[in-house]
Amino acid sequence: MKKYYLIICLLISIALLSCTASTTLESDKENSIYYWRTTFSLSDKEKEFLKDHNVKTIYMRFFDVDWAYPAKNGEDVTPEATIRFNDTVPDGIDVVPTVYITTSAMEKMQTKEAEYAEKIYKRVSAICKKNNINIKEIQLDCDWTKGTRQPFFRLCEAMKEYMDSTQTLSSTIRLHQLTQTPPPVDKGVLMVYNTGNLMEMTSDNSIFSRKDIEPYLRDTRLANYPLALDVAYPTYGWSVVFHPGEEKYYFYKISRRTDFSNYPNLTKIASNLYEATSDVDFSEDGTGSDKVYKNYRIRVERPSSKEILEIKKLIDGQLKGKQHNNILYHLDESQLSHYSDNEISKIYSRN
Amino acid sequence: MKFLKYILVISVLILMGGGRTDACGPYYPDDPNYILMFRSCSPELERQWQDGCRFQDYEKEQNCILWQNITSPSIPISDIEKVIYDARLSDINDLSSSSLSNNKFAKWLSNPNHREDLEYIRIAKEIEEIREYMNNPWYYAYEGDDEHSRLTELKEICQDYKGSRHASRYSLQLIRLHFAVSDYKSCIDLWENRVSKFPQNIVTDMIASYVGGAYSRLGNRDKAIELFTQSQDIGSLISLKVWNGVESSSNYTDERVKELEYIYNRFPNSPLLSIKLQEYVRNRESFVYNYEDWKDRGFHDPVLVKTYWKGDSLIADAEQAFYDELKRFAQKASRSNNCHQKGMWNYALSYLYFLDGDLNKGLSYLNRAEHSEATPFIKESIKALRFLLDAQKASNSGVYLSKLQRDLRWLDEQMENDVKLNPENDWQYNNKLNWRVCYWQDVARKVLLGVVCPKMKQDGNHTLAIQVANYASNRIYQLAPLFKAYHYGYDDPDDKDSYDVILPFDEYRKSWSGRNYFDYQNQFFEFVYNSNADEAAKYAQRIKNPVSELDKFLNERSYVDTDYIYDIVGTLYMREMNYEKATDWLSKVSSDYQQRMNIAKEGYFKLDPFRYQFDKKHFISDSNDYKLRFAQEMARLDKMINSDAELNRKAESKIRYAIGLRNSFGKCWYLTAYGYNMGWRCGKWHTSSDREGFKDNSYAQRAFKKVDALMEEAISEFTDSEKAAQAQLEMLNYATLMKQYPNTKAAAHIRTRCDNLYDYSLQYR
């Protein structure tokens, strides 16, 4: 019997040793998070979150670049929804200006990439100067496909011309983009969210679905991806409302509400799907301003930490031996409240 | 026949299984009565006012004259305008550049002795360009940015200018810079201490306007009004609603008329009066049309008519009190000695009375307008109104016809001049059928299509009515023969790309792979389609054999492609079941032509019009001369029915004829029409195979009666039960077949077939 105890103790010790050797304690390292709102203002809880999870970098959406029709002052590609600072960035936190570029804007920028690189860089610099932000890194976010790949790559190259040698240019990398040559940037952030089709009723979860993600992780394309990658995981949720059509359900709207447990007129017909048996008014004042009607369906989408960690394990397996950070999308008290500190720490943990 | 407007694309759904429509269009021509014809100001003047409540042309001109005065009278104004208004700073820094190489003003500025002038222009351009950049959506301001820093430097340069030659101009730049940062006090100081002492000119007027704005913002309304009046800045005066309280003796109660009165009393010849007048009279014009439309629809859904409830009645808000006051004011204005625009006011009065339905009063004021002082622009508008009112009053007399001929020549010249004026304008190739961009084309459509043609038709002069309708609808394509077509990639199996292409209209009609959106949706087509076949045929003959100068004039300026016209005539004869004549006309239509039609492109010609039921297995392979072949076969069957003595053959002919006839007002509607209005009626979705869908079509109703009668006759006339059974089989009357002819080959065939048919066989074995 003693012999067995010895073996068990030995095994436990080995396991513990291996854990401490390969996992950095979350409290010891510096973490990152996205900030994707149009006004920068932090609640006390959000400030607390940054402190508790030792967040030292915020990837902050500065503005979108979109196709403007009709053109504004002669510009048909314009910055939109520029962030407004109602708060200062807490001390000790680096901001990575992030610019989201729509594909239609990318199409319009073709052949004028250098001109737009200058415009983007100048505007990012101006926002930073006004708000005392030191630029160490700039990130471009674009869902480029084969048609817009070359202009986006040219834009990245032109951006580098304006940045100095101490500054890093990064870009988001969507799962489908893993199959293609990486953009000419210094590093990438693999976006492991918004993986499914939001508008389709047949998607089981458009934010994060193992079914959608796994195909990209089956082979070694991530392991062999020739660009240093960090990984961004979703910590948000919403519900998608569909209305019935003759042959299928059609997208109606997105709602921030994800808890429907107290609505008797909503019948749960699948694990994350409800159907209205009669009209349901969610508006607090009963004005019907937020209403779903009979036969409408609501798909609740909020990835659980368990689902995230399962995928994280697969990704970490592929990125084994490659130093990488995990980033959360995104800083929002109401969204983060759905995850415990422990769960957040696990998502942040580096293996 | 309004449904014709909506037919072509909708009907695509019938055959192709539904679901395919164009993202935009097709576009339908407006009702010509809706065209707003009152015109007292040019679109350019209207645009200038809308852009900045100023008349930039006037300012530009005066400023350039001022430059000419201080430089050299030998420098053309246009050269000065090019440098002052069009050139960029980079051009000024390189005056020998190609864009200014032949410019006399640029040459003047290159002279070292004229450095002071050049320096000012440089400064002004730089300020202008920096401010322009600061308005660019990409600009993000922060304190101490390059733009702010440079503007501060430039401001200092302007302040430091000690000369007199450009003192007012540098002050203007300074005022603009102060105003842009809301430094109103500095604006006022500059004015009071310096600019107010300068001699008045267009530059000091522009400064006064800014300073008036500064006073207004700091609450000194009286001083603001004084400066706005001095600078003739009517836009700012209006924004202050200065007429409130000023015109205490005003006889008017409506704010809009008070405003007109205020402007008129101070600036009786201001172009703003023409802009305001156009807005008000056109609003009235629009109301009258929309009210008529609302009335026609039985007072349902007053979407475009402002209404209010009075007790239980819904009343249209005609703003009668306002228009009565406007007329009163116009009468006063037309009598004033200070006014050089009496013609405009009388023209407005004439139009307003005409819109009230008082044609005589309208004509009386028109007569006055024609004899009053007016600009050439207004004189042309008066002439257009004369054309309209004469048409309203006219009878189908020889006197009117000869006048019409003269008027058409004048109108045609106006249309042609419009095209010459703007050869590069977008409307040259954009959708001309609906965009009211060419005034004289609008006049032609409103007067000819809205008044002249219906009147001629009513008076029995069908042929001329159709001729005039063709001219009014199609002349524009001769004058501006380019069209911007959009190729929908999914429409064309050989060319999946989507793209825009500008091509001559003739080419568009003949070789464009996509749909022709025009020829079957214009008012000419609507007119001829609403005629009977003989009238249309008469028109077609008149194209070949014109009998008067007017015929020749109209034919030369209309779309008289014989394929197009003869196809319509043949189709109208088929609609009237006159297959003999249909054959005559359709035989003159080229085989190519039918393949160019939208229905051919959509694959409709694959359907065999003599099939009782359609399926892909029975698509016809050769669809050449589809309509002609149908007409010939129907004519042949007609003869057989009337002459064949063999009863079974006769009965078969009747059935075939009846099926063809039924289909020509059903699935093969394009044999008798140019569209089919598929849709909901009485809560039911009707397709073209549904008789209910042709409920409002009197030709179809007559045809259906004939179909039923022929079918009944044919069934009773069969003496050969095999042939009778075969006919029932083809018409899918399985129950009847099994019941009445159980021992025929057709019945045996049913027994060997699928379950559904087998049920019948069990029942009637």
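About the cut-offs
Residues numbered from 1 in each chain as written. Chains lettered and ligands numbered in written order. Predicted model: local features only at pLDDT ≥ 70, side-chain atom pairs only at ≥ 80, totals over all residues. Heavy atoms only, no water. Core = buried A, V, L, I, M, F, W, Y, C linked by side-chain atoms within 4.5 Å. Buried < 20%, exposed > 50% of the residue type's maximum accessible area, 1.4 Å probe, protein only. Helix = DSSP H or I, 4+ residues; strand = E, 2+ residues; numbered from the N terminus. Contact = heavy atoms within 4.5 Å. Disulfide = S-S within 2.5 Å. Buried area = accessible area lost by both parts, 1.4 Å probe. Salt bridge = Lys/Arg side-chain N within 4 Å of Asp/Glu carboxyl O. Polar contact = N/O pair within 3.5 Å; in protein donor to acceptor, adjacent residues only side chain to side chain. Expected span 1.5 Å × (residues − 1).

Undergrad: Can you walk me through the nonpolar core in this structure?
TA: For soluble globular proteins, nonpolar side chains are generally found buried alongside one another. Judged by nonpolar contacts, the single largest core of 214 residues is most densely connected at F105(B), W345(B), Y351(B), L448(B) and Y670(B). Broken down by element, this core gets its largest block of residues, 11 residues, from helix α21 (residues 439–458) of chain B. Among all residues touching L448(B), those that are not within four sequence positions of it are F387(B), L404(B), L408(B), L411(B), V443(B), C453(B), P454(B), V468(B), Y471(B) and A472(B). Counting 91 residues, the second-largest nonpolar core is a separate cluster that includes L155(A), V189(A), L319(A) and L336(A).

Undergrad: Whenever I open this one, the state of the cysteines confuses me. Can you help?
TA: Among covalent bonds in proteins, the disulfide is the one between the sulfur atoms of two cysteines. Residues and elements named next belong to chain A. The final tally for this structure, using the stated rule, is 0 disulfides over all chains. C142 takes part in no disulfide bond, and the closest cysteine sulfur, belonging to C156, lies 8.6 Å away. Since its relative accessible area comes to 0%, C142 is described here as buried.

Undergrad: Looking at this model, I keep getting lost on the interface of chain A and chain B. Mind explaining?
TA: When the parts of a complex come together, some accessible area is lost, and that lost area is often used as the size of the interface. Between chain A and chain B, the contact holds 20 residues from the first and 10 residues from the second. Between chain A and chain B, a total of about 1,200 Å² is buried, with carbon and sulfur atoms accounting for 64% of that surface. If you sort the residues of chain A by the area they bury against chain B, N73(A), R123(A) and K130(A) come out on top, with a joint share of 34%. Summed over the shared surface of chain A and chain B, the number is 0 salt bridges. Our count for the contact surface shared by chain A and chain B stands at 7 residue pairs in polar contact (both at pLDDT 80 or more). Only β3 (55–72), β4 (75–80) and α4 (113–130) of chain A provide two or more residues apiece to the side of chain A that touches chain B. In terms of residue count, the dominant contributor to the side of chain A that touches chain B is α4(A) (9 residues).

Undergrad: Would you take a moment to explain α21(B) for this structure?
TA: Every α-helix winds through 3.6 residues per turn, so residues three or four apart in the chain are directed the same way. Residue and element names in this part refer to chain B. Compared with an ideal rise of 1.5 Å per residue, which puts 20 residues at 28 Å, α21 spans 27 Å between its outermost C-alpha atoms and is within 8% of the ideal. Within α21, 16 of the 20 residues are buried, which leaves it mostly tucked inside the rest of the structure. Once α21 ends, the next one or two residues include G460, with phi positive near 90°.

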